[in-house]
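Observations on chain architecture
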Amino acid sequence: MHTACNHTMDMGEEGLLTTLSQLESDGIVNLGTHRREEDSRKGKIIDVKGIKIGFVSATFGLNGKQIPEGMEYSVNCIDFHRKDRKVDLSLLLDQIEDCRNEKTDFIIASLHWGYEYEFFPRSEQQKLAHQIIEMGADTIIGHHSHVIQPVEFYQSQRDSNRIAAIAYSLGNLTSPFSAPALVLSQILNLVFCKGVLDGKEATYIESVTTTPVVQLESGTDEEPKILLTKYESLKGRNDKYFSFSDLAKLEDYVELVTGKKT
């Protein structure tokens, strides 16, 4: 779970540490926030069916909130959006190098970035994404814009056999929004292939698909819940959650961003 975002410090140090404690209690790997300084420049590594995947992470900012003095390391922050000078990506590079040192097979960058309610990434963001891939990330998973954005397939210059999937924004997988564009999200499905190529062990993406999903309100007023439902399963429905016109708008957004009719 990526916890470095522009709302990370909304509840101050107590909120941050309470969140970390809850994730630890639930056995959920946390990305982007830390208790110890030495962890801020390390990747997080998980093993999935024998493939060692390293995660690196950062957020563009904290909505002006201040991190307590002496705890600057607690949130991975990189000002991805600044235009007046070169963006310092050394924090991500250090995390990538740590993943390499740990002999990971594949590196995913989870980045909280991009501009709200824009369906396509800006050119500066695309250049940064390509730079991060060339630094060593193999895939980028983005979030923050609150709407889905395209998945780019980028041919890496550092490895002629490597095509990186860059998901600029997966939308809102959980939020209080209700407008059609804001309840539409997508899940990125990656299949990896690990083997030997030209005498060297390597791991590449075998296939990439996206699954459009929609947030439906569930539960009660006292205990509200959000239910993620595949967009495909909503076709033909006309109930308290969505009207036919809302579903038509959702289909337009999916086609706009993915270029495919659903």
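This write-up is about the structure you can find in this document. Predicted, not measured: the structure shown is a model, and the values here were computed from it. (Residues numbered from 1 in each chain as written. Predicted model: local features only at pLDDT ≥ 70, side-chain atom pairs only at ≥ 80, totals over all residues. Heavy atoms only, no water.)

1. Overview of the environment of K230
Along the chain, the position of K230 falls in strand β9 (residues 224–230). Residue contacts for K230: discarding those within four places in its chain leaves T211, P212 and V213. (Helix = DSSP H or I, 4+ residues; strand = E, 2+ residues; numbered from the N terminus. Contact = heavy atoms within 4.5 Å.)

2. Section: the sheet that holds strand β1 (residues 44–48)
Reading across the sheet, the six strands line up as β1-β2-β3-β4-β6-β5 and stay open at both edges, with mixed pairing between neighbours. Strand pairing shows two members of the sheet lacking a second neighbour, β1 and β5 (151–155), which therefore form its edges. Put simply, the sheet's adjacent strands are angled 20° from each other on average, direction ignored. Looking at chain direction, strand β4 (residues 139–143) and strand β6 (residues 163–167) are connected through three bridges and run parallel. (Pairing = 2+ DSSP bridges. Axes fitted to C-alpha atoms, helices over the stretch in contact; angles between N-to-C directions.)

3. Quick word on the side chain of T8
Among the structural elements, T8 can be located in the segment before α1 (12–26). With residues up to four places along the chain from it excluded, the contact list for T8 reads T3, L16, T33, L62 and V75.

4. A look at α1
The first and last C-alpha atoms of α1 sit 22 Å apart over 15 residues, in line with the 21 Å expected at 1.5 Å per residue. Trailing α1 by a residue or two, G27 shows a phi angle of about 70°, which is positive. (Expected span 1.5 Å × (residues − 1).)

5. Some words on the pattern of salt bridges
Oppositely charged side chains can form a pair if their charged atoms are brought close together. Within the structure shown, the criterion is met by twelve salt bridges. Ionic pairing is found between D105 and K194, a salt bridge with its closest N-O pair at 3.2 Å. Taken together, the residues D105 in the loop between α2 (90–101) and β3 (106–112) and K194 in strand β7 (residues 184–197) connect sequence positions 89 residues apart. Residue classification places D105 among the buried residues on the basis of a relative accessible area of 16%. Across the salt bridge formed by R162 and D138, the nearest N and O atoms sit 3.3 Å from each other. Here R162, found in the loop between β5 and β6, pairs with D138, found in the loop between α3 (123–135) and β4; they are 24 residues apart in sequence, far enough to count as distant. Note on accessibility: R162 and D138 belong to one class, buried. (Salt bridge = Lys/Arg side-chain N within 4 Å of Asp/Glu carboxyl O. Buried < 20%, exposed > 50% of the residue type's maximum accessible area, 1.4 Å probe, protein only.)

6. Describing α3
Given a rise of 1.5 Å per residue, 13 residues ought to cover 18 Å, and the 18 Å separating the end C-alpha atoms of α3 matches this to within 8%. For α3, the set of buried residues is Q125, L128, A129, I132, I133 and M135. Each buried residue of α3 lies within a common arc of 155° when the element is viewed along its axis, so the set occupies one face. Packed against the buried residues of α3 are α2, β3, β4, β5 and β6. (Arc of directions from axis to C-beta.)

7. Some details on the packing of aromatic side chains
For the coordinates displayed, the defined rule picks out four aromatic pairs. Between F80 and W113, the aromatic rings sit 5.3 Å apart at their centres with planes inclined by 70°, giving edge-to-face as the arrangement. Here W113 lies in the loop between β3 and α3 and F80 lies in the loop between β2 (51–59) and α2, a separation of 33 residues in the sequence. The same class applies to F80 and to W113, which are both buried. Between W113 and Y168 the ring centres are 6.4 Å apart and the planes differ by 15°, which places this aromatic pair in the stacked class. Linking W113 in the loop between β3 and α3 with Y168 in the loop between β6 and α4 (180–183), this pair joins segments that are 55 residues apart in sequence. The exposure classification of W113 matches that of Y168, with both residues buried. An aromatic cluster is built from F80, W113 and Y168, whose rings are joined through pairwise contacts. Between R122 and the ring centre of Y115, over which it is positioned, the NZ or CZ distance is 3.6 Å. (Phe/Tyr/Trp six-rings, centres within 6.5 Å; stacked < 30°, edge-to-face > 60°. Lys NZ or Arg CZ within 6 Å of the ring centre and 35° of its normal.)

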